[in-house]
Amino acid sequence: MLVLPHVATGAALGALLGDPFVVVPAAVASHFILDSVPHWQETMAPYIPTWKTYLRIPIDIGLAVALVIYALSIHPDLTPGILLGAIFASAPDLDVITIKLPKLQTGLIKKYWDWHCKIQREVTSLWGVVTQLIVVVTSIVIIHG
């Protein structure tokens, strides 16, 4: 799943739940739940980055940052929960670092990588974009209250 739906879900959890001690585990869990929903990605396993990847990444991250700023502008009193939700909902994808640094893919990191790849439900069709749009729009509705 792209970064934006993960961040949007984490920010929505932060706005909805408020308490960082509740938000963090909920955000991490949401990551893996969303990864199991059919979703589009421009690269499929074995995840070899292409020019499309390098085009998508700044757009994806830029939109995610804009959504967090929007959430914070509506709920400045919930800043810790929103920020932690956004960060921890997307943090499990940091394993992508091992694509460029394959020597890190050993032991526990390798087991996590294999499991994380296994739970993905990536599709190349438009439905994979639609599911992510639904997640983002639903998150915005929750954030907006």
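Before any of the text, the structure's been laid out above.
About the criteria used
- Residues numbered from 1 in each chain as written.
- Predicted model: local features only at pLDDT ≥ 70, side-chain atom pairs only at ≥ 80, totals over all residues.
- Heavy atoms only, no water.
- Phe/Tyr/Trp six-rings, centres within 6.5 Å; stacked < 30°, edge-to-face > 60°.
- Helix = DSSP H or I, 4+ residues; strand = E, 2+ residues; numbered from the N terminus.
- Expected span 1.5 Å × (residues − 1).
- Buried < 20%, exposed > 50% of the residue type's maximum accessible area, 1.4 Å probe, protein only.
- Contact = heavy atoms within 4.5 Å.
- Salt bridge = Lys/Arg side-chain N within 4 Å of Asp/Glu carboxyl O.
- Patch = residues over 30% accessible without salt bridge, like charges linked within 9 Å, V, L, I, M, F, W, Y side chains within 5 Å.
- Areas by Shrake-Rupley, 256 points an atom, 1.4 Å probe, with all protein chains shown as cover.

A. Quick look at the packing of aromatic side chains. One pass over the structure, following the stated rule, counts 3 aromatic pairs. Ring geometry for Phe 32 against Tyr 112: centres 6.4 Å apart, planes inclined by 80°, an arrangement best described as edge-to-face. Placement of Phe 32 in helix H2 (residues 20-35) and of Tyr 112 in helix H6 (residues 107-119) is noted, with a sequence separation of 80 residues between them.

B. Broad picture of helix H3 (residues 51-74). Over its 24 residues, H3 runs 36 Å from end to end, which matches the ideal 34 Å to within 8%, given 1.5 Å per residue. Turning to H3, its buried residues number three or more, namely Thr 53, Arg 56, Asp 60, Ala 64, Leu 67, Val 68 and Ala 71. Buried residues belonging to H3 abut helix H1 (3-17), strand S1 (39-40), helix H4 (79-90) and helix H7 (127-144).

C. Molecular detail of the pattern of salt bridges. For the structure on display, the rule yields 2 salt bridges. Across the salt bridge formed by Arg 56 and Asp 60, the nearest N and O atoms sit 2.9 Å from each other. With a gap of 4 residues between them, Arg 56 and Asp 60 both fall in helix H3, about one helical turn apart. Across this residue pair, the class does not change: Arg 56 and Asp 60 are buried. Measuring nitrogen to oxygen at the nearest pair gives 2.9 Å for the salt bridge that ties Asp 114 to Lys 110. Placement of the pair is Asp 114 and Lys 110 together in helix H6, with a separation of 4 residues, close to one helical turn.

D. Representation of the environment of Ile 48 in the model. Looking at the element boundaries, Ile 48 is found in the loop between S1 and H3. Given the relative accessible area of 60%, Ile 48 is considered exposed.

E. Spotlight on a nonpolar patch on the surface. There is a patch of nonpolar side chains on the surface, built from Leu 94, Val 96, Ile 97, Leu 101, Leu 104 and Ile 109 and spanning about 520 Å² of accessible area. Its place among the elements puts Ile 109 in helix H6.

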